[in-house]
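# Observations on the model geometry
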Amino acid sequence: KSGYITIDPGFKNTGSTTSAITFLDGEEGILRYRGYSIEDLAEKASFLEVAYLLIYGDLPTADQYAEFEHEVRTHTLVNEDMRKIFEGFPVNAHPMGTLSSLVSAMSAFYPDSYDSNVPADTEMHIIRLMAKMPTIVTWSYKKSQGHPVNYPDNSLDYCSNFLNMMFALPVEKYEVDPVVAKALNKLLILHADHEQNCSTSTVRLVGSSQANIYTSISAGIGALWGPLHGGANQEVIEMLEAIKADGGDSQKYIDKAKDKNDDFRLFGFGHRVYKNFDPRARIIKKAADEVLEKLGVNDPVLDIAKTLEKAALEDEYFVSRKLYPNVDFYSGIIYRALGIPTNMFTVMFAIGRLPGWIAQWKEMRENNEPIGRPRQIYTGPTERDFVAMDKR
Ligand code: SDX
């Protein structure tokens, strides 16, 4: 009765908060983390430096970085009892499902005091999430290969440790290729935050009820899994593979995407905010050429992606709707060249996005934002009397 309610499906024209973390301009294709351009950060920073920047607000000094990096490096071990949970999953379980379950389980292994007068040890939870998520992610891969899991190695930096846990085998030592580690570092930085996207809004909404950080991040992982969001990077490669298997006829798939009676979408294209080239896609496309060339990988799917992009950017349907390649269009091609399997692409997105989720959750809690509780316009039946079962 009081005032009026406007419905804004998908919150296309609704701002949910104010934030000092990430700035993006959809028209100009600009993305900055705490004022620094992603072009600079992707080229000059390490992923943990960017994580520190997002979470604490400034690039770390050498001492601040040394302490943060040491904390992360020395908390990578996961409680052995979590492995019992993990062992219970079927071998073909999707890594996003195991990841969201185990991150949620962390709230049981690292609980805050149940006495709400005792403040949560948020700093330690942040370190544990940053340190343990890569370990948990690599377990899924090792299990899917029928290989024993690897333990983290504290002598390695963040990206090298991840790659070692992924690819080392008891029968042969794994040598980290600096080209691979550098490419992974760049990809993680480019995925680190993106203002109020679907999964970040989910993390904020769950956190707004004062739920703990683990369960809030786990909810974000669930939202990211969807094919319209982070799950698109897996869909893109599957789509490109289908085009290749179908004789490489990109136009046929562009026509399918335009056909209103066909719910097929050109995955990796379009964005709620960017109505110009996604700046991340521009950087990743360039990196794809460089990384594949340096690794001596020739992936026909990259050529199909470029042909598809060119055809779409010349097609009235895409041009009129301002549909450009987004972050997910080329990222899978690099992950694949690094040896990461398709069903692991979205968990790679989650590892990259983790510092952004943490930073946004922390900002929401520090700003004492109210619990998220939107209204609705009711469209159901008007009042009616109960009817006994034998009269229905
Ligand atoms: C990410 O929000 C973020 O910041 C997300 C993200 C991040 O970093 O967090 O950037 C990461 O999720 C990138 C997006 C990955 N998703 C995909 O690549 C899936 C394919 N893209 C679409 O589903 C779509 O473009 C969305 C979901 C990304 C955006 O959807 P919107 O803003 O709700 O736009 P829409 O669905 O209303 O589309 C507008 C029009 C429609 O046509 P009409 O109804 O006007 O005739 O464009 C069409 C859509 O049918 N359209 C597409 C299309 N994307 C939109 N048509 C064909 N192929 C597509 N990919």
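Above this text is the structure in question.
Residues numbered from 1 in each chain as written. Predicted model: local features only at pLDDT ≥ 70, side-chain atom pairs only at ≥ 80, totals over all residues. Heavy atoms only, no water.

### Regarding a positive patch on the surface
Together, K12, K260, R265, R272 and R321 give the surface a local cluster of positive charge. Here R321 shows up in the loop between α15 (316-320) and α16 (328-337). (Patch = residues over 30% accessible without salt bridge, like charges linked within 9 Å, V, L, I, M, F, W, Y side chains within 5 Å. Areas by Shrake-Rupley, 256 points an atom, 1.4 Å probe, with all protein chains shown as cover. Salt bridge = Lys/Arg side-chain N within 4 Å of Asp/Glu carboxyl O. Lys, Arg positive; Asp, Glu negative; His and termini not counted. Charge placed at Lys NZ, Arg CZ, Asp CG, Glu CD. Helix = DSSP H or I, 4+ residues; strand = E, 2+ residues; numbered from the N terminus.)

### A closer look at the site of the ligand
The full set close to the ligand counts 25 residues, and H194, R265, H271, R272 and R280 are the nearest of them. Contact distances for the ligand include 2.6 Å between an oxygen atom and a side-chain N or O atom of H194. In the environment of the ligand, a nitrogen atom lies 2.8 Å from a nitrogen or oxygen atom belonging to the backbone of L228. Relative to its unbound accessible area of 1,100 Å², the ligand is 80% covered by the protein chains. Across the shell around the ligand, the residue classes break down as ten nonpolar, seven polar and eight charged. (Near = heavy atom within 4 Å. Polar contact = N/O pair within 3.5 Å; in protein donor to acceptor, adjacent residues only side chain to side chain. Nonpolar A, V, L, I, M, F, W, Y, C, P; charged D, E, K, R; others polar.)

### Observations concerning the environment of S107
Examined against the element boundaries, S107 turns out to sit in helix α5 (residues 95-109). When its relative accessible area of 22% is taken as the criterion, S107 is described as partly exposed. Separated by 107 residues in sequence, S107 and Y214 place their C-alpha atoms 5.6 Å apart. When sequence neighbours within four positions are dropped, the list of residues in contact with S107 reads N212 and Y214. At 2.6 Å, the side chain of S107 and the backbone oxygen of S104 are in polar contact. (Buried < 20%, exposed > 50% of the residue type's maximum accessible area, 1.4 Å probe, protein only. Contact = heavy atoms within 4.5 Å.)

### Re the nonpolar core
Ranked by size, the top nonpolar core spans 114 residues in total, and within it Y33, I217, L240, L266 and I340 carry the most contacts. Ranked by residues supplied to this core, first place goes to helix α17 (residues 345-366) with twelve residues. When residues no more than four places from it in sequence are discounted, the contact partners of Y33 are I21, T22, I38, L41, V50, L53, L54, I189, L190, H191, A192 and D193. (Core = buried A, V, L, I, M, F, W, Y, C linked by side-chain atoms within 4.5 Å.)

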